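Listed here are the chains, written in short residue letters.
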Amino acid sequence: MKIYPWLKNIYKIIINQYLKKKLHHAIIIRSNIKIGSKKLIYLLCKKILCKNSYTLYSCNNCKNCQLISSKNYPDLHIIIPESNKKNIGVDIILKCIKKIQNTSKFGKKTIVWIKKINLLTESSINSLLRILEDPPLNTIFFLDYYNSFELKKTLKSRCIIYNIYPPSEKNGIFWLKKKLKNNNKNFYTAIRLSENSPILAKKILESNLWNERKIFFKKIKKSIKKKNFLRLIKFFKINKSKKIYWICSLILDTIKYCYNKNSKLTNLDQKKLIKIFKKKNTLKNLYLMINIWNKCFFYIKNIQNINKNFIFLEPLIKMEKFFNFL
Ligand SMILES: [Zn+2]
């Protein structure tokens, strides 16, 4: 398993700290978007536990490396929710704390890796705080943290935080080109839709979503021709939030286009549709349109027991008004 090129630097920084015996015992890896934090933590764990101490990467050959690869290394504790539960309950944390109190079986470090710390319950966090305050000897904690929720200050204060970022667009595309065959327009569109995460861009380009997006925009074009947006309702049945995201990004592109910021467009493969949107709408309407779709997105995400198909009526009727269909 190779490290992603945009994470090489942070990997080196953390391993150098470890080799100098200066590594903090509780490390939060923080990112805004999926850019490979799990792989980074896995490779860090492997290196720290590898028997060949003075190399930058793990050797992949020693007994420890092999046991980690086969998920059998006894001193690497990976914490995830139990199969039938959504959260990481306090019982899981307490069980793990009990296990790590005994010294490591292999004479190396003991590592606790908490995947998705947003799934920790209040009482799990409290138990974790106590062990972070007074950790067993030779134990390292890795916490994988997506920035989308607020992390308790008490937890932050007991850890060192390493932020990881996506590569520049240019470097992201360079990586994508090595992994996939496609045209430049699609590479740029996918990476811009993925907030510069090459991993997500690759995933979109390889999945059915890419095709679904193209069809969705075709249907919008047809709806404009037929002067009827309500016919789009049935297309919102699946991947609802994705479709709201796509339509918002198209409206935002139209706004950029109005300001002559053509080089900043996300949907480079949809220039025709962007031009149609511009021709049919005032800037004010475009801003209003974004607001309406944002409101719709909020309802979908936050209100339960709501008729989710009915929710799309309002923005679509408003769109018809803006486009002067009514
Ligand atoms: Zn090794």
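All of these numbers come straight from a predicted model, not from anything done at the bench.

### Examining the environment of Lys 153
Thought 1: Within the secondary structure layout, Lys 153 lies in helix H6 (residues 153-157).
Thought 2: Exposure remark for Lys 153: the relative accessible area of 70% places this residue in the exposed category.
Thought 3: In this structure the C-alpha to C-alpha distance between Lys 153 and Ser 197, which are 44 residues apart in sequence, comes to 28 Å.

### Focus: a nonpolar patch on the surface
Thought 1: There is a patch of nonpolar side chains on the surface, built from Leu 230, Ile 317 and Leu 326 and spanning about 280 Å² of accessible area.
Thought 2: Secondary-structure assignment places Leu 326 in the segment after helix H14 (313-322).

### Considerations on the coordination of the zinc ion
Thought 1: Coordination of the zinc ion by the protein comes from Cys 50 (SG), Cys 59 (SG), Cys 62 (SG) and Cys 65 (SG), over a distance range of 2.3 to 2.4 Å.
Thought 2: Taken together, the 4 donor atoms coordinating the zinc ion and their angles of 102 to 119° define a geometry best described as tetrahedral.
Thought 3: Here the donor residues of the zinc ion are spaced in sequence according to C-x8-C-x2-C-x2-C. Of the two residues, Cys 50 is situated in the loop between helix H2 (37-49) and helix H3 (63-69) and Cys 62 in the loop between H2 and H3; the sequence distance between them amounts to 12 residues.

### A look at the packing of helix H1 (residues 8-19) against H2
Thought 1: Where H1 meets H2, the axes come as close as 11 Å, and the angle between the chain directions of the two elements is 30°. Between H1 and H2, the angle falls in the class roughly parallel. In this structure, the crossing between H1 and H2 has a hand that is right-handed. Of the residues in H2, those in contact with Ile 10, Tyr 11, Ile 14, Ile 15 and Tyr 18 of H1 are Leu 40, Leu 43, Leu 44, Lys 47 and Ile 48.
Thought 2: A per-class count over the contact of H1 with H2 returns 9 nonpolar, no polar and 1 charged.

### Quick word on the sheet that holds strand E4 (residues 139-146)
Thought 1: The 5 strands lie next to each other as E2-E3-E4-E1-E5, forming an open sheet whose pairing is parallel. At either margin of the open sheet sits one strand with a lone partner, and together these are strand E2 (76-79) and strand E5 (160-163). Taken over all neighbouring pairs, the strand axes of this sheet differ in orientation by 20° on average, direction set aside.
Thought 2: Relative to strand E3 (residues 110-114), E2 is paired through 4 bridges, and the arrangement is parallel. Of the residues in E3, the one forming a bridge with Leu 76 is Ile 111.
Thought 3: Sheet contacts for H2: strand E1 (26-31), E2, E3 and E4; angle to E4, the most-contacted strand, approximately 170°.
Thought 4: Against the sheet, helix H4 (residues 90-101) engages E2, E3 and E4, with an angle of about 175° to E2.

Here is what the cut-offs are and how they apply
Residues numbered from 1 in each chain as written. Predicted model: local features only at pLDDT ≥ 70, side-chain atom pairs only at ≥ 80, totals over all residues. Heavy atoms only, no water. Helix = DSSP H or I, 4+ residues; strand = E, 2+ residues; numbered from the N terminus. Buried < 20%, exposed > 50% of the residue type's maximum accessible area, 1.4 Å probe, protein only. Patch = residues over 30% accessible without salt bridge, like charges linked within 9 Å, V, L, I, M, F, W, Y side chains within 5 Å. Areas by Shrake-Rupley, 256 points an atom, 1.4 Å probe, with all protein chains shown as cover. Salt bridge = Lys/Arg side-chain N within 4 Å of Asp/Glu carboxyl O. Donors = N, O, S within 2.8 Å, 3.2 Å for Na, K, Ca; no water. Tetrahedral: all angles 85-135°; square planar, octahedral: opposite > 155°, others 65-115°. Axes fitted to C-alpha atoms, helices over the stretch in contact; angles between N-to-C directions. Parallel < 35°, antiparallel > 145°, perpendicular 65-115°, else oblique. Left-handed = near helix turned anticlockwise from the far one by under 90°. Contact = heavy atoms within 4.5 Å. Nonpolar A, V, L, I, M, F, W, Y, C, P; charged D, E, K, R; others polar. Pairing = 2+ DSSP bridges.

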